[in-house]
Structures are given as C-alpha cells and as structure tokens.
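Understanding the architecture of this molecule
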Amino acid sequence: KARMYMHSGALPGYRSSISLYDDGTTIIFLTNISPINDKEILHKIYLLANELEDEFRLDGYPKWNSLDKFKSNGGLPALKNYFDRLTNLCGYEVLPSERSLVSIMALYVEGEELQTADSLKQLFFDSYKPDLSTINSVGYRMLSLDRCDYALEFFRKNTQEFPNNANVWDSQGDGYKNCGDLKNAIDSYRKAVKLAEANDDMNIPIYRENLSSALKLKQ
C-alpha cells in the first residue's frame, strides 16, 4: 500500500529511472537496454527488498495493439474498470500512463472515431497536465496520421501554455507548414526566432533555417 513516484527517461539503447516510495525506499535503475519494462522490474525489486508478496495481481487490462484488438478486449469500459479497481486497492487515484492514453487516442483518430478521440483528448488535457515536450510529441504524432486538425490543436495548446518558449512556436510552424498554411507557419517561425534571439537560445540556427525554408516556399 505504499505510493510510488517515478521519473524516467531514455535515449536510443539506454534507459534510466528513479522511484521514490513513501515508506522511504528509493530505487535507482540504469540499463543499456531500451525499451524495457522497468516498472515491472522495479515492482519486483521493491517486493524482494521488503520481503513482500504481490497480493493484488490484477487481470483485465485491455491490450491496445490495434483498435479492433482493444475493443475485443473490452475497450474503454474495461480500461476504466481496471483502473477503478486499482484505485480502490491503492487508496488513491491511479490513471493510465500518458503514453497509454495517447496511443489509445491515436487508435481512435486512425479509426475515424473522432467523438471518442475528442473525449480522450479532453481527458488528456484535464487530468494529466502534460508538459510541453509531451504535447509537442503528440502534435507530431497527429501529423504522422495526416490529422492536421488534431496536430494544430496540440501545437496551439503549447503556444498558449508556454508562450515564451521558442521551441513550441517552431513546432507550431512545422505544423502549419505541413498542413499547407505557409502564412501562419512563417508567423510562428518568426516568433520562434525572435524569442530565441532574446534568450540567446542555442537552437537559433535551426529556427532561422526553418523560417528561411518557409519563406522560400512562399516565393
């Protein structure tokens, strides 16, 4: 019944994480294998370190390899039931990971079930409070699915939430450019360059090049 707070990150071929438990246990995990199921490994280490047995091994988590697979495993009702049970066992709210929710949202976007995708997008913004890099990555993911409407909504969300960050304006420029709106792309790239110059940003050359590229396309 201990709460665990985890922060992790990865580079190609490497992964690291630190887990802090409210009973005082700290586990630092480093590996030269990625991807790897570090949450499961850390869970087992915690049990061993504290001579505990896993009394609650929940079943019913729906796989989301595809939309059809997800639905055949119970879909969103099964997902909600799983995390409701987990929340009840833990005594505090447990939600699906950001990665899981975004992947499931992308399945509904691909499947053109946009009403459900919209509800998941709203849940993502309301309950997760994602950081700018997460919002950016979702925007690019929506671009890869040829969904300009969704991609631009995420990019615009970032510029609203983090208006003084040059990178989010540059990414919004990418979004507009890929969606064929060169005017707004150029305006976004110019904003990125202006902010970068004011803050002596190391990525100034990249932002200038993106602006130059968009201006050439408009000629």
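For the structure, check the block above.
This is a predicted model, so every value here is computed, not measured.

**Some words on the nonpolar core**
In this structure, Ile-104, Met-105, Tyr-108, Phe-124, Val-138, Met-142 and Phe-154 are the most contacted members of the largest nonpolar core, which totals 28 residues. Elements supplying a minimum of two residues to this core: α2 (67-72), α3 (75-90), α4 (98-110), α5 (114-128), α6 (132-144) and α7 (148-161). Ranked by the residues each element gives to this core, the list is headed by α4, at eight residues. Contact partners of Phe-154, with chain neighbours within four places excluded, come to Met-105, Lys-121, Phe-124, Phe-125, Ile-135, Val-138, Gly-139 and Met-142.

**A few points about unusual backbone geometry**
Positive phi values are uncommon outside glycine, yet Glu-51 reaches one of about 50°. By secondary structure assignment, the location of Glu-51 is in the loop between α1 (38-49) and α2. Take Glu-51: its relative accessible area is 76%, and that puts it in the exposed class. Positive phi is not limited to glycine here, since Glu-112 has a value of about 60°. With respect to the helices and strands, Glu-112 occurs in the loop between α4 and α5. Given a relative accessible area of 51%, Glu-112 falls into the exposed group.

**Description of the environment of Tyr-128**
Mapped onto the fold, Tyr-128 is located in helix α5. By relative accessible area, which is 14% here, Tyr-128 ends up buried. Placed 71 residues apart in sequence, Tyr-128 and Asn-199 show a C-alpha to C-alpha distance of 29 Å. Residues in contact with Tyr-128, not counting those within four places in the same chain, are Leu-95, Pro-96, Ser-97, Glu-98, Leu-101 and Leu-123.

**As for the environment of Ile-18**
Here Ile-18 is to be found in strand β2 (residues 14-21). Other than its neighbours up to four places away in sequence, Ile-18 contacts Tyr-5, Met-6, His-7, Thr-26, Ile-27 and Ile-28.

Rules behind the numbers
Residues numbered from 1 in each chain as written. Predicted model: local features only at pLDDT ≥ 70, side-chain atom pairs only at ≥ 80, totals over all residues. Heavy atoms only, no water. Core = buried A, V, L, I, M, F, W, Y, C linked by side-chain atoms within 4.5 Å. Buried < 20%, exposed > 50% of the residue type's maximum accessible area, 1.4 Å probe, protein only. Helix = DSSP H or I, 4+ residues; strand = E, 2+ residues; numbered from the N terminus. Contact = heavy atoms within 4.5 Å.

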